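The chain contents come next:
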Amino acid sequence: MTTADTTTSTGTESTATTEATKAPHGVTLTPPAAAKAKGLLDRDGTPGMVLRIAVQPGGCSGLRYELFFDDRSLDGDALVEFDGVGLAVDRMSTPYLDGAVIDFVDTIEKQGFTIDNPNAQNSCACGDSFH
């Protein structure tokens, strides 16, 4: 497990970022996932963005994950930095994601980000939604 560092690499923080670092979340981004996210951000020339994970109603099990790059800072965001990548969780999603681990797998069978969430009681076969 990686230890989270809430200091930004540039040494400067906006007010929203400072507020977010006061409320860390319980989601972990593994080193392979952080490296992949950082590589995608560097490739696209968008280093100011963060990786955001959220929970939204929908999917066949009731709730679905959203994982995307975001340049917004929402009121109540919790933000933790992993190996140079900020991981943001909104206030409503935090209880559903506490203890979750985001990883990146690259095998012959599967490639992509995975979410292991101890709060998910049931999940669908596709793995994109849970209850």
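Structural notes, computed from the coordinates. All values reported here derive from a predicted model rather than from experimental measurement.

1. Some details on the pairing of strand β2 (residues 50-57)
Turning to step 1, where the next piece is worked out: For β2, the tally of buried residues reaches 6 of 8 residues, placing the bulk of the element in the interior.
Turning to step 2, where the next piece is worked out: Alignment of β2 against strand β3 (residues 63-70), held across 8 bridges, turns out to be antiparallel. Directly across from Gln56, in β3, lies its bridge partner Arg64.
Turning to step 3, where the next piece is worked out: The pairing of β2 with strand β5 (residues 85-89) spans 3 bridges and is parallel. Bridging across to β5, Ile53 finds its partner in Val89.

2. Some details on the packing of aromatic side chains
Turning to step 1, where the next piece is worked out: Counted according to the given criterion, the structure contains 1 aromatic pair.
Turning to step 2, where the next piece is worked out: Residues Phe104 and Phe113 carry aromatic rings whose centres are separated by 5.1 Å and whose planes lie at 70° to one another, so their mutual orientation is edge-to-face.

3. Let's talk about the nonpolar core
Turning to step 1, where the next piece is worked out: Core analysis: the biggest nonpolar cluster contains 19 residues, and Val27, Leu29, Ile53, Leu87, Leu97 and Ile102 have the highest contact counts within it.
Turning to step 2, where the next piece is worked out: Broken down by secondary-structure element, the contributors of at least two residues to this core are α2 (31-44), β2, β3, β4 (78-82), β5 and β6 (101-106).

4. A closer look at the sheet that holds strand β1 (residues 28-29)
Turning to step 1, where the next piece is worked out: The sheet built from 3 strands is open, its strands ordered β1-β6-β7 with mixed pairing. In the strand order of this sheet, the two ends are held by β1 and β7 (111-116), each with one partner.
Turning to step 2, where the next piece is worked out: Of the strand pairs in this sheet, β1 and β6 are connected by 2 bridges, and their pairing is parallel. Residue pairing in the sheet places Leu29 in a bridge with Ile102 of β6.

The rules behind the values
- Residues numbered from 1 in each chain as written.
- Predicted model: local features only at pLDDT ≥ 70, side-chain atom pairs only at ≥ 80, totals over all residues.
- Heavy atoms only, no water.
- Buried < 20%, exposed > 50% of the residue type's maximum accessible area, 1.4 Å probe, protein only.
- Helix = DSSP H or I, 4+ residues; strand = E, 2+ residues; numbered from the N terminus.
- Pairing = 2+ DSSP bridges.
- Phe/Tyr/Trp six-rings, centres within 6.5 Å; stacked < 30°, edge-to-face > 60°.
- Core = buried A, V, L, I, M, F, W, Y, C linked by side-chain atoms within 4.5 Å.

All quantities given are derived from atomic positions and should not be read as evidence of function.
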